[in-house]
Structure formats: C-alpha cells, structure tokens
Amino acid sequence: MNFRTFCAGALLSTIAVQAAHAEEVTLRGVSAFALGTTFSREFESFVDWVNENGKGVVQINLIGGPEAVPPFELGNAVSTGVVDIANVTSAFYPTLVPTGDAMHLAENTIQEQRENGCYDVLDRVHREQMNVKYLAHAGDGMGFHLYLTKPITSPDLSGLTIRTTPVYRAMFAELGANLVRTAPGEVYSALERGTIDGYGWPGQGILDLGWDEQTKYRVDPSFYNVDVNFLVNLDVWNGLTDEQRAKLEEGAAWAEELNAKNAEINAAEYEKQAAAGIETITFEGADAETWLNTARDAGWAAVEEIDAPLAKELRACLTN
Ligand code: 173
C-alpha cells in the first residue's frame, strides 16, 4: 500500500473506530522503522501482546513501516488521525514537539519517570502540542554512537560530513561537523556514494540494515538514551472505553519491561559489529569528557533555547 491509498482509506477507518467503540475496536498502527528491524521489534511484540490479550476489547492492525508512511511524516499522520497508533522517535517529529529532544537526554528509565511524574509532563506536552497520547516508551538503556568510514583521533569533527537527525545535531555541530539530515532509508546509499563520512545511530540495529558493509569505525563511548515512543491519536484515545484504554496501558507496561534487556542486547550487538569488521575508536580521559559533556551540554542548550521553563522542568525529572 502506498501513502496515497493509505490516506484515502483512513477517513473511513476512523469512522469505523468510533462506531465500534463499545465493542472490539481495531487500531491501525504504523512503525517509522522497517518491520522486523531493531526499532520496530518492541512495537511488534506489543502489537502481538495486545492482539493476544485484548481479544474482544482492542486489537491492532499493523499496516506497515516506512513504505506505508514516510518516517518524517508519521508524526503528522498520528496527530491528524490518518494513523491511530504510531511507533516513532521524537527526532522524527521535531516540528510538532520541539522540546522532544529532551527525551533522549534522559538519564533515568521510563519506570522512574512514571514514578516521579516526568511521564505525566511528557504526556501533557504530547497531548497539547501534537494531539496524541504518549502511551509507551522503548529504548531505555541503549545509547547513540557516531559511526564513520574514516578514522578520527579526537572529538574534533571538523571537515567531516555526518548524517544526523535532531538527536545528534547540537552535539555534532558543536564539534565542527557538516550536517546532513536524512531518514534512515537514505543512509546506505549516501555511504555508498561517499556523500557522507559517517552517521549517528543507536548502538543496535546497523546490521539489520546492512550498514555494516559501509561502516569502518564506531566511536565510543555512547551518549544519550534512545527514545522510541508509542503514540495514539488523542481523539481515538478519548473515544475508547476505560477497558480498552486499560488494556493498552497494561500492554505498554509489559512492553516497557522489555527495555531491561537492552544492556545484554547491546553487548551482543557490539560483538556482531566487531565480527563484521567494524573497529572501535574509544575516547578516554579528557577526550571522553569532551565527547560526553558536549553531548549533554549542547543537547540541553538546544532544548532550553526552545522553551527554557519546560527544559528546566524536564531536566529536573529526567536527570539524576
Ligand atoms: O538516527 C536516527 O534516525 C534517530 O534519530 C533514531 C532515534 C531512535 C532510534 C533510532 C534512530
């Protein structure tokens, strides 16, 4: 299904969602990441959980990945109700929630954020600015890295052209890189053509995408925490029964427990990267400090510039 036929069918299905709301309801889901790859897997497990445990109450029809809705348009699609539930990172909807970058600056887990009230702040911001319910959060315990086709010896990125999203922009710009923003689907060919010297990406997933073939180095240490969010259109959410909402929230808590496996998966993934011939460039001492302090300071400075009071509120509850 392409994006146009998908949109054309959406209005009818939205009506169907509302009409059926007292009985079993089926939500249409789309993932910003290719189905079967790292950042869709947790969402797919959640969909399976809901379809197994929500019989007669709520079901999710997983329509597809980036081929169904382009990743940078998925935020709009769930905001307007073209999609009922989306699996997407805040870096793909920066115009809708401009302070969304704070989410990957978090140093605590979603379970801690639900405890200390930070989740409620982020949910409110998503409702008010994007018309979505912030249902669940994947990615805790996994950082981001810079991957390169040529070596560097210090945290000086001047002269390098690096593929980014908003996640890495403030940090890599501060360290002197030229930046090119692309969706994940364009990274492989940009590497192949040599139009970029490297890219930002989390610790997991590059082998799924075949990017190891075009990657020579991974720079350590990692920085930040991945955020991949399950978002439900707010009108759809408000039209559900208490039982349907409770079932989705139960599934969300179940999915968020999966984040605890990331430490182990990271280690296995790093081994696979090494086996694929990717060398590690590890900054130590002052270089490591520059790397991580620039990540944190440039990251928060960018959020503060957008909304200083909200940045202060979020920093207080997202960091230790
Ligand atoms: O690099 C990216 O495309 C990006 O921002 C991201 C964020 C979370 C998970 C995977 C990728």
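Computed from a predicted model, the values in this text were never measured in an experiment.

Trainee: Would you explain the environment of Ser-189 in this entry?
Mentor: You can see Ser-189 is positioned in helix H7 (residues 187-193). Overall, Ser-189 belongs to the partly exposed group, its relative accessible area being 27%. Separated by 61 residues in sequence, Ser-189 and Glu-250 have C-alpha atoms that sit 40 Å apart. Only 3.5 Å separates the side chain of Ser-189 from the backbone oxygen of Glu-186, close enough to count as a polar contact.

Trainee: Could you clarify how one ought to interpret the site of the ligand in this entry?
Mentor: Near the ligand, the surroundings consist of 15 residues, among which Arg-163, Thr-165, Val-167, Tyr-168 and Trp-201 are the closest. Thr-165 places a side-chain nitrogen or oxygen 2.7 Å from an oxygen atom of the ligand. At a separation of 2.5 Å, an oxygen atom of the ligand approaches a polar side-chain atom of Tyr-168. Notes on the ligand: free accessible area 300 Å², of which the protein chains cover 100%.

Trainee: Would you take a moment to explain the sheet that holds strand S2 (residues 58-64) for this structure?
Mentor: Strand-to-strand pairing in sheets goes through backbone hydrogen bonds, with the strands running parallel or antiparallel. Reading across from one edge, S2-S1-S3-S10-S4 is the order of the 5 strands in this open sheet, with mixed pairing throughout. Two strands bound the open sheet, and with one partner strand each, they are S2 and strand S4 (132-138). Taking the axes of each pair of neighbouring strands and ignoring which way they run, one obtains an average angle of 25° across the sheet. On the sheet, helix H2 (residues 38-53) packs against strand S1 (25-31), S2, strand S3 (85-88), S4 and strand S10 (228-233) and is oriented at approximately 145° with respect to S2. The strands that helix H5 (residues 118-130) touches are S4 and S10; relative to S4, the one it contacts most, it runs at about 135°.

Trainee: Looking at this structure, how should I read the packing of aromatic side chains?
Mentor: In this description, a pair of aromatic rings is defined by centroid distance and the angle of the planes. Throughout the structure, instances matching the rule amount to 23 aromatic pairs. Plain terms: the ring middles of Tyr-168 and Phe-172 are 5.6 Å apart, the flat faces sit at 15° to each other, and that makes the pair stacked. In this pair, Tyr-168 and Phe-172 are both assigned in helix H6 (residues 166-174), 4 residues apart and thus about one turn of the helix distant. The pair formed by Tyr-168 and Phe-172 is uniform in burial state, with each residue classed as buried. With centroids separated by 5.1 Å and ring planes inclined at 80°, the aromatic side chains of Tyr-199 and Trp-211 adopt a geometry described as edge-to-face. Of this pair, Tyr-199 sits in strand S8 (residues 198-202) while Trp-211 sits in the loop between S8 and strand S9 (217-223), and the two are 12 residues apart along the sequence. Taken individually, Tyr-199 and Trp-211 each receive the classification buried, so the pair is uniform in this respect. The aromatic ring of Phe-72 is capped on one face by Arg-181, whose charged end is 4.1 Å from the ring centroid.

About the cut-offs
Residues numbered from 1 in each chain as written. Predicted model: local features only at pLDDT ≥ 70, side-chain atom pairs only at ≥ 80, totals over all residues. Heavy atoms only, no water. Helix = DSSP H or I, 4+ residues; strand = E, 2+ residues; numbered from the N terminus. Buried < 20%, exposed > 50% of the residue type's maximum accessible area, 1.4 Å probe, protein only. Polar contact = N/O pair within 3.5 Å; in protein donor to acceptor, adjacent residues only side chain to side chain. Near = heavy atom within 4 Å. Areas by Shrake-Rupley, 256 points an atom, 1.4 Å probe, with all protein chains shown as cover. Pairing = 2+ DSSP bridges. Axes fitted to C-alpha atoms, helices over the stretch in contact; angles between N-to-C directions. Contact = heavy atoms within 4.5 Å. Phe/Tyr/Trp six-rings, centres within 6.5 Å; stacked < 30°, edge-to-face > 60°. Lys NZ or Arg CZ within 6 Å of the ring centre and 35° of its normal.

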